[in-house]
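One-letter residues, chain by chain:
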Amino acid sequence: MSGCTGCEVAIADNYAGLLTLLDRYVDWVYDLTLADVRHIPEMDVALVEGSVCINDHLSVEEIRETRERSKIVVALGACACTGNITRFARGGQQNQPQHESFVAIGDLIDVDVFIPGCAPTPQMIRNVCVCAYLLLKGNDDQKALAGAYLKPLMAAAKCDPAPTGCGHACGCDLIVGVINQGLCMACGACAASCPVRAITMELGKPNIDRELCIKCGACFNQCPRSWYSFDVTNQYESIMETIDAAMAP
Ligand code: SF4
Ligand code: SF4
């Protein structure tokens, strides 16, 4: 869809791991950038990058077609998850000046899994691919660990983690769900990702100016503490050992 292609570059940034993924866990059937396939086939899992331009009927049709032909739709990266920086487009872009309005893919279709980040880390994309496979085809232990890893990402796609109950991830959710819970580690990723500079780091903690916040969700997507439940934290080493074993030569 509409994005900078950075999320696809993040897939490729798995380097040798990408070849292992393609060899063991993924049969790559469609792609506009990394493979030369132009027609959307039936798919088990579709990773969708970018937001949808609603002035572009072809994009709207393509995202609906993707939903119809995929068992699982994954929003790959912040633009697909929340719209992110593309929410700011007001037309006049160099190559498509007539395109004025962009929405997250979840505004048009049902989404099953979020992979947050602008761009997501290569490791996280790898983890989701391996865990999806293990959830379907692993032994009982692997299924339990893979399910624990994927559960908060599936909940995120349904906006279940939004502690304010507003149905969108925004600056308020960062305050209620991360800072007020004592989870903030003062990394500054939220402030760096805010496109309207609504967040300033003060005394090592983010301070959010609600007057400026446009509820784009970028800060919540970028915060490394906003997604993972205690289930994931408590089992983190076992989950990573399982994924590493699955990727071992
Ligand atoms: S604080 Fe900034 S990044 Fe967070 S939702 Fe508001 S505008 Fe977006
Ligand atoms: S991104 Fe999350 S952990 Fe990092 S400073 Fe912001 S709220 Fe704290």
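See the structure above.
Residues numbered from 1 in each chain as written. Chains lettered and ligands numbered in written order. Predicted model: local features only at pLDDT ≥ 70, side-chain atom pairs only at ≥ 80, totals over all residues.

Inspection of the region around ligand 1 gives 15 residues, with G171, C194, C213, C216 and C219 positioned closest. Residue composition of the shell around ligand 1, by class: 11 nonpolar, three polar and one charged. (Near = placed C-beta within 6 Å. Nonpolar A, V, L, I, M, F, W, Y, C, P; charged D, E, K, R; others polar.)

Our next topic: the environment of L18. Tracing the backbone shows L18 in helix α2 (residues 16-24). Using a count of 19 C-beta atoms within 10 Å as the deciding quantity, one classes L18 as partly exposed. L18 sits 230 residues away from A248 along the chain, and the two C-alpha atoms are 12 Å apart. Here L18 is in contact with I11 and A12, once residues within four sequence places are set aside. (Helix = DSSP H or I, 4+ residues; strand = E, 2+ residues; numbered from the N terminus. Buried ≥ 20, exposed ≤ 12 C-beta atoms within 10 Å, placed from the backbone. Contact = placed C-beta atoms within 7 Å.)

All right, on to the sheet that holds strand β3 (residues 70-76) then. Through backbone hydrogen bonds, the strands of a sheet pair up, either in parallel or in antiparallel fashion. The three strands lie next to each other as β1-β3-β5, forming an open sheet whose pairing is parallel. The open sheet terminates on both sides in strands that have one partner only, identified here as β1 (43-49) and β5 (113-115). For this sheet, the mean inter-axis angle between neighbouring strands, taken without regard to orientation, is 25°. Along the sheet, helix α3 (residues 57-69) contacts β1 and β3; its crossing angle with β3, the most-contacted strand, is approximately 130°. Packing against the sheet, helix α6 (residues 140-157) makes contact with β3 and β5, and its axis sits at approximately 105° to β5. (Pairing = 2+ DSSP bridges. Axes fitted to C-alpha atoms, helices over the stretch in contact; angles between N-to-C directions.)

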